[in-house]
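Examining the three-dimensional arrangement
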Amino acid sequence: MTKGLIGFCALAFSALLVVQTADAARLGGARSSGVQRSVPKTPPAATPAKPAQEQAAPNQAAPTAQPQPSGLARWMPALGGLALGGLLGYLFAGNGLGGILLLVLLAVVAVLAFRALARRGAQSPQPVQYAGMDRQTTLTPPPPSAPAPGDAMPTAARFPAGFDAASFLRGAKMNFVKLQFANDQGRLEDIREFTTDEMFEALERDIHERHGAGQQTDIESLDAQLVDLATEGPQHWASVRFSGRVREVPGAVPVDFAEVWNLVKPADGSSGWLLAGIQQMH
Amino acid sequence: MKDQTDFGYERVPEADKARRVGAVFDRVAERYDLMNDLMSLGLHRLWKAFAISVARPRPGERILDVATGSADLAAALARRVMPGGEVWLTDINRRMLERGRDRVLDEGLLAPAVQCDGERLPFATGHFDCVTVAFGLRNMTHKDRALAEMTRVLKPGGRLVILEFSKVWKPLERAYDFYSFRVLPWLGRQVAGDAAAYRYLAESIRMHPDQASLAAMLESAGLSRVEVFNLAAGVVAVHRGYRI
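Here's a quick rundown of the structure. (Residues numbered from 1 in each chain as written. Chains lettered and ligands numbered in written order. Predicted model: local features only at pLDDT ≥ 70, side-chain atom pairs only at ≥ 80, totals over all residues. Heavy atoms only, no water.)

1. A word on the pattern of salt bridges
Using the criterion set out here, one finds 31 salt bridges over all chains in the structure. With a shortest N-O distance of 3.3 Å, R37 of chain A and D228 of chain A are connected by a salt bridge. Here R37 of chain A is found in the loop between β1 (33-34) and α2 (71-93), whereas its partner D228 of chain A is found in strand β2 (residues 218-232), with 191 residues between them in sequence. Of the two residues, R37 of chain A and D228 of chain A, both sit in the buried class. Three or more residues joined by partner-sharing salt bridges are found here, namely K48, D72, R79, R103 and E107 of chain B. (Salt bridge = Lys/Arg side-chain N within 4 Å of Asp/Glu carboxyl O. Helix = DSSP H or I, 4+ residues; strand = E, 2+ residues; numbered from the N terminus. Buried < 20%, exposed > 50% of the residue type's maximum accessible area, 1.4 Å probe, protein only.)

Put into structure tokens, the structure is as follows:
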């Protein structure tokens, strides 16, 4: 009986897993499809993904050191909580002592926050000292003359002057979201507008496989980085690495994703950028 | 002197206020979010969450967020009106609007952004289910005109929700004044490098109509069933009115 029950539970659980996998729903079904290009596996800068407004200067060498929280910084959350508690207590109880305490706490928190901020600003450009290398320091970014094989190429020389990467990426993100929505709704004409014929066929097949049923893909966060831009014959190619968190099944836990979209545009300008392929990075 | 208006405690020509407020936000745009957290000890997040619960957005609705700033409210609203709904971002200040637009996109949401004056909204009459404005009304030159415009673009049955600093409970006034006029400008100088901008903030809060006055203004603008929700003992208040 117990064995039977366990077996049933295992079966039910595995069925759940299968259903969740089959429902993996973002555009392209979280698989690689269409044109695949040789792109770096890692984003161009070793820094964590940054929101669009911080990407205006993609060519800066990124400091990679994560400063350890200092003694004061470690206490910041506790002091913040204390101050918050003081404030709330004061506001709702309203006695004189609370007011004085609140002001003292406010001042302390403000000073600490400012110091932590100033220290972080001052630390980040400094070289990193590795454990066991007493007094010796090493710059974290490798010398630009000798990039390791497979590493991201330095982005500075890649993109032609006058190419507005920030605007391009903003447009790319908007189209990413639009295409997810069109895919959810099974709007083939919207998908066709932004895809090559080959890619469209693959995506159309996905929609037909689910019999055009609607679905909901919630993007929780989205970052985009331009990892390659090239002109080959009569075509411009751009590879954009999208990453972030997405909830592919309503109510499910959002999952991290990272995929490169290969975009193509005729050099004669006869059409805009079209999605030619998706490459999974995980 | 009818063409003069308040800019904090200063009296300035009406034509100058929008430009001067714009300059304030241009100066503080980069550190705006950090300063909000420091100034309110993070409470502004709770206040915005409360305003959203008062706005009660529903899937499929069309919402206008006036003076959207860094789009804290708009991003949360945009998620709540999905699927099928839309949130429009507007701000008179281009830099703040760009920050808001990028912020919303970073959260994987699409929202149209329009740079415009809250006193002259470029939208059809009866177009929105809900209009929100968080910490923006205070900076507008003619609040009555702005309220009339926001009311105009509401559908019948639509609601206007205003989150704004208000009049603090009397016994707390002295401590609040000390915080506003001593601590805030100092904090502004240390963090955003601009004490004047934050002195303006404190002064403009004092010049803003109190709860009852603003509620009366909403009624004058044509809204009904006006309600006021005080938060943090009146440091801020949420006003809600319906266009019937």
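2. Notes on unusual backbone geometry
All names here are of chain B. The omega torsion across M82 and P83 is -5°, close enough to zero to call that bond cis. Despite not being glycine, A71 shows a phi value in the positive range, around 65°. Assignment of secondary structure puts A71 in the loop between β3 (62-66) and α4 (72-80). According to the relative accessible area criterion, A71 is buried, its value standing at 0%. Despite not being glycine, A233 has its phi angle at roughly 60°, a positive value.

3. Observations regarding the environment of V191 of chain B
Along the polypeptide, V191 of chain B turns up in helix α7 (residues 173-192). Along the sequence, V191 of chain B and M35 of chain B sit 156 residues apart, while their C-alpha atoms lie 7.3 Å from each other.

4. Notes on the sheet that holds strand β5 (residues 113-115) of chain B
Residue and element names in this part refer to chain B. Across the sheet, 7 strands lie side by side as β5-β4-β3-β6-β7-β9-β8; this open sheet has mixed pairing. This sheet does not close on itself; its edge strands, each paired only once, are β5 and β8 (224-231). Between one strand and the next, the sheet's axes are offset by a mean angle of 15°, whatever the strand orientation. Summarising the sheet, strand β4 (residues 86-91) and β5 pair through 3 bridges and their orientation is parallel. Within β5, the residue paired with T90 across the bridge is V114. Strands in contact with helix α5 (residues 94-106) are β4 and β5; relative to β4, the strand with the most contacts, it is inclined by about 155°. (Pairing = 2+ DSSP bridges. Axes fitted to C-alpha atoms, helices over the stretch in contact; angles between N-to-C directions. Contact = heavy atoms within 4.5 Å.)

5. Brief notes about the side chain of E248 of chain A
As for its placement among the helices and strands, E248 of chain A is situated in the loop between β3 (235-247) and β4 (255-266). The buried category is assigned to E248 of chain A, whose relative accessible area is 13%.

6. Focus on the nonpolar core
Formed by 58 residues in total, the largest nonpolar core has its most connected members in W47 and F165 of chain B. Examining the composition of this core, we find that 7 residues originate from one element, α7 of chain B, more than from any other. (Core = buried A, V, L, I, M, F, W, Y, C linked by side-chain atoms within 4.5 Å.)

7. Digging into the sheet that holds strand β5 (residues 274-280) of chain A
Residues and elements named next belong to chain A. Taken in spatial order, the 5 strands make up an open sheet running β1-β5-β4-β3-β2, and their pairing is antiparallel. Looking at which strands have only one partner, the edges of the open sheet turn out to be β1 and β2. Sheet topology note: the β3/β4 ladder contains 12 bridges and is antiparallel. Residue pairing in the sheet places A238 in a bridge with L263 of β4. Docked against the sheet, helix α6 (residues 197-209) engages β1 and β5, running at close to 60° with respect to β5.

The values reported here are purely geometric and, on their own, carry no functional implication.
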